[in-house]
Amino acid sequence: MKVLMGYRDIMELGVSKKTAYKMLNLICESESYKKSNLSKVIDTKKVPTKLFIRMFPEFKERCEKGEEHDGR
């Protein structure tokens, strides 16, 4: 599983580009993201996969399947 996810990674899970951007923005505006000071450390166009799964648990299985397809 990737450590960081960008909008293209989210699109690979089966969502549109517009929805992927909205999901990223939701995570970046969340209290969990702001409290952890992640925005100072990583590019704002990417979010940690664990935080993404915590906010959108319905994608957990698809994220794990993506790991299998990458050959990791």
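All values derive from a computational prediction rather than experimental measurement.

How should the overall build of the chain be read in this particular structure?
The helix and strand inventory of the chain stands at 6 helices and 2 strands. For the chain, the sequential pattern of α-helices and β-strands runs β-α-α-α-α-β-α-α. Per-residue burial over the chain gives 33% buried out of 72 residues. Sequence separation of 24 or more characterises 53% of the internal contacts of the chain that already satisfy a separation of 6 or more.

So what exactly am I meant to see when it comes to helix H2 (residues 17-29) here?
One full turn of an α-helix is made of 3.6 residues, so residues set three or four places apart face in the same direction. Its 13 residues give H2 an end-to-end C-alpha distance of 18 Å, which sits within 8% of 18 Å, the value for a rise of 1.5 Å per residue. Among the residues making up H2, those that are buried are Ala20, Met23, Leu24, Ile27 and Cys28. Considered in projection along H2, the buried side chains sweep an arc of 135° and stay on one side of the axis. Pointing more than 90 degrees away from the buried face of H2 are the exposed residues Lys18 and Glu29. In this structure, the buried residues of H2 make contact with strand E1 (4-6), helix H1 (7-11), helix H3 (31-35), strand E2 (46-48) and helix H5 (49-55).

Reading the values: rules and limits
Residues numbered from 1 in each chain as written. Predicted model: local features only at pLDDT ≥ 70, side-chain atom pairs only at ≥ 80, totals over all residues. Heavy atoms only, no water. Helix = DSSP H or I, 4+ residues; strand = E, 2+ residues; numbered from the N terminus. Buried < 20%, exposed > 50% of the residue type's maximum accessible area, 1.4 Å probe, protein only. Contact = heavy atoms within 4.5 Å. Expected span 1.5 Å × (residues − 1). Arc of directions from axis to C-beta.

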